[in-house]
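So you can see what is in the structure, the chains are spelled out below.
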Amino acid sequence: APDALTSWETAMTGEVDSRALRGVLEQIASGQFGHVISVRGVSRVDGGWIRFGVADGRAELHPVAPRRLSPPVVTAVGRDFDAARLERAFAACAA
């Protein structure tokens, strides 16, 4: 069904560039990848860790303490979005 929710997930290996990541999140929030309802993820950045996401049309990035975190991964949920473009965009955030 065209209105069915779909999800997508990929590993975030290595460190990411926080500016590039913010740019991708802002593009997602503005609808450039299709109808993405939410994005959540954790990744290594600048020698630390960052939790990031998109919800309610806003991109958010927050540093987090390097405790026992989930594996570095990003998950998106939405309807009729371009998962292949998302994959390439997040891969391009590598530092």
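Scroll up for the structure.
Draft legend 1. A look at the overall build of the chain. On a plain count of helices and strands, the chain comes out with 2 helices and 6 strands. Helices and strands appear in the chain in the N-to-C order β-β-α-β-β-β-β-α. Relative to a compact globule of 95 residues, whose C-alpha radius of gyration would be 12 Å, the chain shows 13 Å and is just as compact. Based on the C-alpha atoms only, the size of the chain along its principal axes is roughly 40 × 25 × 20 Å. When contacts within the chain are restricted to residue pairs at least 6 apart in sequence, those whose partners lie at least 24 apart make up 72%. Side chains of the chain give 11 positive and 11 negative charges; the mean places of these two sets differ by 6 Å.

Draft legend 2. Local environment of the pattern of salt bridges. All chains considered together, the criterion is met by 2 salt bridges. Note that Asp17 is salt-bridged to Arg19, the shortest N-O span being 3.9 Å. The class for Asp17 is partly exposed, based on a relative accessible area of 25%. Between Glu60 and Arg58 there is a salt bridge; the shortest N-O distance is 3.1 Å. For Glu60, a relative accessible area of 33% translates into the label partly exposed. The exposure class of Arg58 is partly exposed, given its relative accessible area of 47%.

How each quantity is defined
Residue numbers run consecutively from 1 along every chain, following the written order of its sequence. In keeping with the model being predicted, local features are shown solely for residues with a pLDDT of at least 70 and side-chain atom pairs are shown and tallied solely at 80 or more, while totals for entire chains, interfaces and linings include all residues. The side-chain numbers reported here are obtained from all heavy atoms of the structure, hydrogens and water having been left aside. Helix and strand labels come from DSSP, where a helix needs a run of H or I of at least four residues and a strand needs a run of E of at least two; each type is numbered from the N terminus. The globule rule is 2.2 Å times the number of residues to the power 0.38, and the radius of gyration it is compared with is taken over C-alpha atoms. The contact rule is simple, with two residues in contact once any of their heavy atoms fall within 4.5 Å. Only four residue types enter the charge count, namely Lys and Arg as positive and Asp and Glu as negative; His and the chain termini do not. Charged side chains are reduced to one point each, which is NZ for Lys, CZ for Arg, CG for Asp and CD for Glu. Between Lys or Arg on one side and Asp or Glu on the other, a salt bridge is scored when a side-chain nitrogen of the former is within 4 Å of a carboxyl oxygen of the latter. Accessibility here uses a 1.4 Å probe with only protein chains present; expressed as a share of the type maximum, an area under 20% marks a residue as buried, one over 50% as exposed, and anything in between as partly exposed.

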